[in-house]
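# Tertiary structure, described
So you can see what is in the structure, the chains are spelled out below.
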Amino acid sequence: MFNLVLFGPPGSGKGTQSANILQTYNLIHISTGDLLRDEVARQTPLGIEARKFMDQGLLVPDEVVIGMISSKIDENPEARGFIFDGFPRTRAQAEALDKLLEFKNTSITLVLSLEVTEEELIKRLVGRGQTSGRSDDTEEVIVKRIKEYRSKTEPVAGYYKNHGKLEGIAGNHAIEETFKMLCKHINKYILPAE
Ligand code: B4P
């Protein structure tokens, strides 16, 4: 099984690149951002709680997110592998993911970290905010999301570096060019699906 973590700050292109990768390699996409937005849209108790954090640019509590991931993995026992997009975002989430995968006799294969300057991140997300209707795509909230990333999520890269799984990718290029760079790394482990 090939399990990929797509890592990087808000707006670095995790969601954008996941869509390309999962099509090419036939993997199951698990985006905690998408799962949370779906809960918010359906106004479930989890969504109502999560929205309070998301609207402020804060991370949703670990236990909420970890529970969602666990059920999503269980729903796909025949998967060729998973792309974890926007997860893990804290060390506790990274440790919980390792335990969940170990229980299923598998593990994280590779972590690809998209590196983009802060100026470019803000530009992209403000741009997206003009059409996305996302309440967290305003400049004020974007700045808070980046701050939250620096303090809680960036240290997770060190966790994977220590495990020898981290590769940095320049994420400031055009979408197609960045995709090619990601593929070069993924192809060392699996080939595109037929
Ligand atoms: P997410 O939904 O995960 O993150 P995102 O901000 O959308 O970033 P992403 O990197 O996916 O950006 P995208 O490709 O869309 O998180 C949202 C919130 O959910 C968090 O703030 C948090 O509150 C909560 N949350 C999610 N997961 C959590 C967890 N595990 N724990 C706790 N809380 C959690 O790209 C952005 C824009 O840039 C798009 O408009 C795109 O078209 C553009 N773009 C992408 N690549 C480009 C390129 N190469 N060139 C030019 N533009 C590009």
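Predicted, not measured: the structure shown is a model, and the values here were computed from it.

## Brief notes about helix α8 (residues 175-186)
Over its twelve residues, α8 extends 16 Å from the first C-alpha to the last, a length consistent with the 16 Å expected when each residue adds 1.5 Å. When α8 is considered as a whole, its buried residues turn out to be Thr178, Phe179, Leu182, Cys183, His185 and Ile186. Angular distribution of buried residues about the axis of α8 spans 155°; they occupy a single face of the element. Turned more than 90 degrees away from the buried face of α8 sit Lys180 and Lys184, all of them exposed.

## So, the packing of helix α4 (residues 62-74) against helix α5 (residues 91-103)
Relative orientation and spacing of two packed helices are given, respectively, by the angle between their axes and the distance between those axes. Axis separation between α4 and α5 bottoms out at 10 Å; the angle between their running directions is 25°. As the angle between them shows, α4 and α5 are arranged roughly parallel. The handedness of the crossing between α4 and α5 is right-handed. Along the contact surface, α4 presents Asp62, Val65, Ile66, Ile69, Ser70 and Ile73, while α5 presents Ala92, Gln93, Ala96, Leu97, Leu100 and Leu101. Within the contact of α4 with α5, the residues separate by chemical class into nine nonpolar, two polar and one charged.

## A few points about unusual backbone geometry
Cis peptide bonds are those with omega within 30 degrees of zero, and the linkage from Phe87 to Pro88 qualifies with 0°. Looking at the secondary structure, you find Pro88 in the loop between β3 (81-85) and α5. One non-glycine residue, Asn26, adopts positive backbone phi at about 55°.

## Thoughts on the site of the ligand
Around the ligand, a shell composed of 30 residues is seen, among which Thr16, Thr32, Arg128, Arg145 and His173 lie nearest. In this structure, Arg124 approaches the ligand through a side-chain N or O atom, which is 3.4 Å from a nitrogen atom. Measuring from a nitrogen atom of the ligand, one finds a backbone N or O atom of Ile175 at 3.5 Å. Within the complex, the protein chains bury 87% of what would otherwise be the 1000 Å² of accessible surface of the ligand. Counting residues per element, the ones that place at least two in the shell around the ligand are α1 (14-25), α2 (32-41) and α6 (118-132). Broken down by element, the shell around the ligand gets its largest block of residues, four residues, from α2. Its residues assigned to classes, the shell around the ligand comprises twelve nonpolar, ten polar and eight charged.

What counts, and at which threshold
Residues numbered from 1 in each chain as written. Predicted model: local features only at pLDDT ≥ 70, side-chain atom pairs only at ≥ 80, totals over all residues. Heavy atoms only, no water. Helix = DSSP H or I, 4+ residues; strand = E, 2+ residues; numbered from the N terminus. Expected span 1.5 Å × (residues − 1). Buried < 20%, exposed > 50% of the residue type's maximum accessible area, 1.4 Å probe, protein only. Arc of directions from axis to C-beta. Axes fitted to C-alpha atoms, helices over the stretch in contact; angles between N-to-C directions. Parallel < 35°, antiparallel > 145°, perpendicular 65-115°, else oblique. Left-handed = near helix turned anticlockwise from the far one by under 90°. Contact = heavy atoms within 4.5 Å. Nonpolar A, V, L, I, M, F, W, Y, C, P; charged D, E, K, R; others polar. Near = heavy atom within 4 Å. Polar contact = N/O pair within 3.5 Å; in protein donor to acceptor, adjacent residues only side chain to side chain. Areas by Shrake-Rupley, 256 points an atom, 1.4 Å probe, with all protein chains shown as cover.

Worth remembering: the numbers are spatial, not functional.
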